[in-house]
Amino acid sequence: AERSLLVLFGSQTGTAQDTAERVSREAKRRHLRCRVEALDSCDLANLIHEPLVVFVCATTGQGDPPDNMKMFWRFLFRKSLPAGSLCQLDYAVLGLGDSSYPKFNFVAKKLHKRLLQLGGNPLLPVALGDDQHDLGPDAVVDPWLVALWDKILALYPLPPGLEIISPDVRLPPKYTLRYLPEDSPQPESDLPQPPAPRAAPCELQPFAARVVSNRRLTARCHFQDVRLIEFDIAGSGITFGAGDVVMIQPQNCPEDVQQFCQLLRLEPHRRFVLEPTEPGTALPPFLPQPCTIQHLVTHYLDISCVPRRSFFELLASFSTNELEREKLQEFSSAQGQEELFSYCNRPRRTTLEVLWDFPHTTCAIPASYLLDLIPRIRPRAFSIASSLLAHPQRLQILVAVVQYRTRLSKPRRGLCSTWLASLNPEQGDVRVPLWVKKGGMKFPADPATPVIMIGPGTGVAPFRAAIQERVAQGRRGNCLFFGCRYKSKDFYCQSEWEELVTKGLLTLFTAFSRDQEEKVYVQHRIRENGRLVWELLSTGNAHIYLAG
């Protein structure tokens, strides 16, 4: 039988994808052909022809599947699927979860059970990785993988004369980065293309929305910088309703990009193309071909993320400096995870800062390995804070700029919020790549149904959209509980709310926690107004919404 393995992942924050890539590397060391795909990217009709599949999936929220496996999830639980349809499939399920949540690893458990129902043959019991364990999910994943390879090699023995490739041998990169000659002609495609008629914007084709305004809502003297940012979406084909979410693709700041290129001795303006090392490997969908180093580092490589264990493992293999190599090997070993946690995760040290700490190793990183070493910048989700009925062709978001201190001297800054806050529309045409997704909040269709919204801080964003929408539709019964620290410093959109209250279109309860001796929060206001809340619920059949 052909020795090939398919690894499918469902990942929300990138951990399951990182683990799936690890399974793939270990498969290659055992001379198995291996493909890694997101569950929603794989052709499910072909699943019945796959002999060997490892599923790696996270659980999000209240036992929900990650976004990139939602379609697969719906397909798998169709009643019409015949009981024995996966009888030729040998499979194993590796779950990643957090036992502090009630539905711990719910997706992995349910997937394992469903594959069994469809006739699949489990090689091992489901693995339940736990973020709460001292060593993180690896405490479960490491021994489970050892057992998995024993099972797989019993079914698909190594071909005669081949040995398992030792961990000391570095595997080839996924892509070869080939520089184009400095004098090679610029391709035609750099010229602006006439906009083709296109479907609604999505992750592969975001809309470059112009920033119309970027206004600070908190007082200058307040510690937290919160912005109301407005985008012009005219001509984008984007539509949305209250509760929907906008996805924004952020980029690294110019200083970080410059530092990274200096550290790795990369020339920002050099152009390159990527060539897959193994035939059949797709090129990264989010990178143009050819591409400049500047574009790669600015828009693609997540140099400000906190690196994972796999980063240290690969980095160690480039090291020519004994001291640095020993430290990197320790960080990538099972025994060194506690030390790695206190070096990296606890102080939130970034990839760029780690590279600073290992200068001899960093300047030895071959450019072809950059895409194996550093993950892609992930899009960020924001609740839309406006309604098209009140602001046609516009989309607004409420952004709290993330900044905090750890034991490191430099304050930690959120990549996306810091970038958004820095954009100044008065300095010309400033654009942000974005697209819209359906949100988890659905507001009642019946205009008579009252709505109780509890939105402290920036949690008020989706309710601002809902209230604008409902007021434009002439709906009353809008009740909002809003909380913040000080009436004078962080009462977002105060004049808007007060105007609606005056017009009798909104019932507003506020809790300013620090404006008096004893702290007052939204839950205190709910209790004080318990009679009204109960009346809305019991006789008005009100819906309650809560956003943090």
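Rules and cut-offs
Residues numbered from 1 in each chain as written. Predicted model: local features only at pLDDT ≥ 70, side-chain atom pairs only at ≥ 80, totals over all residues. Heavy atoms only, no water. Helix = DSSP H or I, 4+ residues; strand = E, 2+ residues; numbered from the N terminus. Buried < 20%, exposed > 50% of the residue type's maximum accessible area, 1.4 Å probe, protein only. Contact = heavy atoms within 4.5 Å. Areas by Shrake-Rupley, 256 points an atom, 1.4 Å probe, with all protein chains shown as cover. Lys, Arg positive; Asp, Glu negative; His and termini not counted. Charge placed at Lys NZ, Arg CZ, Asp CG, Glu CD. Domains from an automatic or database assignment. UniProt positions renumbered as here; feature names shortened; annotations may be inferred. Pairing = 2+ DSSP bridges. Axes fitted to C-alpha atoms, helices over the stretch in contact; angles between N-to-C directions. Salt bridge = Lys/Arg side-chain N within 4 Å of Asp/Glu carboxyl O. Phe/Tyr/Trp six-rings, centres within 6.5 Å; stacked < 30°, edge-to-face > 60°. Lys NZ or Arg CZ within 6 Å of the ring centre and 35° of its normal. Right-handed = clockwise from strand over helix to strand, strands pointing away.

Engineer: Explain the overall build of the protein chain to me, please; I cannot follow it from the model alone.
Structural biologist: Within the protein chain, the secondary structure is distributed over 17 helices and 21 strands. Along the first, second and third principal axes, the C-alpha set of the protein chain runs to 85 × 60 × 55 Å. Within the protein chain, the proportion of its 548 residues that are buried is 48%. Considering only intrachain contacts with a sequence separation of at least 6, the fraction spanning at least 24 residues in the protein chain is 76%. In the structure as shown, the protein chain presents an accessible area of about 27500 Å², 53% of it carried by carbon and sulfur atoms. One finds the centroid of the 63 positive side-chain charges in the protein chain at a distance of 5 Å from the centroid of its 58 negative side-chain charges.

Engineer: Sorry, what's going on with the domain arrangement of the protein chain here?
Structural biologist: Note on interface size: it is often stated as the accessible area lost on association of the parts. With domains assigned, the protein chain is organised as domain 1 (4-155), domain 2 (207-243 + 379-437), domain 3 (254-373) and domain 4 (451-546). When each unit is reduced to the centre of its C-alpha atoms, the spacing between domain 3 and domain 4 is 46 Å.

Engineer: Help me understand the UniProt feature "domain: FAD-binding FR-type" (unreviewed entry) in the protein chain, please; the structure alone is not making it clear to me.
Structural biologist: The positions that UniProt labels "domain: FAD-binding FR-type" (unreviewed entry) are, in the present scheme, residues 204-444. For the annotated span residues 204-444, helix accounts for 29% and strand for 21% of the residues, and the straight-line distance between the end C-alpha atoms is 32 Å.

Engineer: I'm lost on the UniProt feature "domain: Flavodoxin-like" (unreviewed entry) in the protein chain in this one. Help?
Structural biologist: With numbering matched to this structure, UniProt assigns "domain: Flavodoxin-like" (unreviewed entry) to residues 5-149. For residues 5-149, the end-to-end C-alpha separation is 12 Å, with 32% helix and 23% strand making up the annotated structure.

Engineer: Teacher, can you tell me more about the sheet that holds strand β9 (residues 226-232) here?
Structural biologist: Two modes of strand pairing occur in sheets, parallel and antiparallel, and in both the strands are linked by backbone hydrogen bonds. Taking strand neighbours across the sheet as the criterion, the six strands line up as β13-β10-β17-β8-β9-β14 in an open arrangement whose pairing is antiparallel. Each having just a single partner strand, β13 (380-383) and β14 (394-400) make up the two edges of the open sheet. Ignoring which end each strand starts from, the neighbouring axes of this sheet average 40° apart. The pairing of strand β10 (residues 245-248) with strand β17 (residues 431-437) spans four bridges and is antiparallel.

Engineer: In this structure, what is going on with unusual backbone geometry? I would like to understand it.
Structural biologist: Glycine aside, a negative phi is what most residues show, and trans is what most peptide bonds show. Here Q289 and P290 are connected by a cis peptide whose omega angle stands at -10°. Mapping P290 onto the fold places it in the loop between β11 (271-276) and β12 (291-292). Of note in the backbone geometry, R265 takes a positive phi value of approximately 55° without being a glycine. Counting through the fold element by element, R265 comes out in the loop between α5 (254-263) and β11.

Engineer: So what exactly am I meant to see when it comes to the pattern of salt bridges here?
Structural biologist: Side chains that differ in charge, positive against negative, can pair when their charged atoms come close. Applying the stated criterion across every chain yields a total of 28 salt bridges. Note that E37 and R35 form a salt bridge whose closest N and O atoms lie 3.3 Å from each other. Judged by its relative accessible area of 41%, R35 falls in the partly exposed class. Close ionic contact of D232 with R394 constitutes a salt bridge, the shortest N to O distance being 3.4 Å. A residue pair is termed long-range when its members are at least 10 positions apart, and D232 in strand β9 and R394 in strand β14 qualify at 162 residues. The exposure class assigned to R394 is partly exposed, which follows from its relative accessible area of 23%. Each of R22, E26, D138, D142 and R309 takes part in a single network of salt bridges with overlapping partners.

Engineer: Just to check I follow, could you spell out the packing of aromatic side chains for this structure?
Structural biologist: Aromatic ring pairs are defined here through the distance separating the ring centres and the angle between the ring planes. In the structure shown here, the tally under the stated rule is 12 aromatic pairs. Consider the rings of F331 and Y343, whose centres lie 4.9 Å apart with planes at 15°: the pair is stacked. Of this pair, F331 sits in helix α8 (residues 322-332) while Y343 sits in helix α9 (residues 337-345), and the two are 12 residues apart along the sequence. Just as F331 is buried, Y343 falls in that class too. With a centroid separation of 5.5 Å and 20° between ring planes, the pair formed by F482 and F491 is classed as stacked. On the basis of relative accessibility, which here comes to 0%, the residue F482 falls in the buried class. Accessibility expressed as a relative area gives 6% for F491, which makes it buried. Above the plane of the ring of F106 lies K103, whose end atom (NZ or CZ) is 4.8 Å from the centre. Over the aromatic face of Y486 sits the side chain of K489, whose NZ or CZ is 4.6 Å from the ring centroid.

Engineer: Sorry if this is basic, but what is going on with the sheet that holds strand β20 (residues 507-512) here?
Structural biologist: What the four strands build is an open sheet, ordered β20-β19-β18-β21; its pairing is parallel. With one partner strand each, in any of the chains shown, β20 and β21 (543-546) form the two edges of the open sheet. Mean inter-strand twist for the sheet, computed between neighbouring axes without regard to direction, equals 10°. Sheet topology note: the strand β18 (residues 451-454)/β21 ladder contains four bridges and is parallel. Following the sheet pairing, I452 is matched in β21 by I544.

Engineer: I'm lost on helix α6 (residues 293-300) in this one. Help?
Structural biologist: The periodicity of an α-helix, 3.6 residues per turn, causes residues three or four positions apart to be oriented the same way. Listing the buried residues of α6 in full gives I293, L296, V297, T298 and Y300. Looking at the packing, one finds that the buried side of α6 touches β7 (175-179), α5, β11, β12 and α12 (370-373).

Engineer: Mind showing me how you'd approach the side chain of R30 here?
Structural biologist: Along the chain, R30 turns up in the loop between α1 (15-29) and β2 (33-38). In this structure R30 is buried but unpaired, with E26 as the nearest side chain of opposite charge at 4.5 Å.

Engineer: What is the right way to look at the pairing of strand β19 (residues 478-484) in this model?
Structural biologist: Consecutive side chains of a regular strand alternate in pointing toward one face of the sheet and then the other. Of all seven residues in β19, seven are buried, a share of seventy percent or more. Because side chains alternate across β19, one face comprises the buried residues N478, L480, F482 and C484, and the other comprises C479, F481 and G483, equally buried. Here β18 runs beside β19; their pairing, made up of four bridges, is parallel. The residue of β19 that forms the bridge with I454 is F481. With helix α14 (residues 461-472) bridging β18 and the parallel β19, this β-α-β connection has right-handed handedness. Both β19 and β20 contribute to a ladder of six bridges, which runs parallel. Residue pairing for β20: G483 is matched across the bridge by A511. On the question of chirality, the crossover connecting β19 to the parallel β20 by way of helix α15 (residues 494-502) is right-handed.

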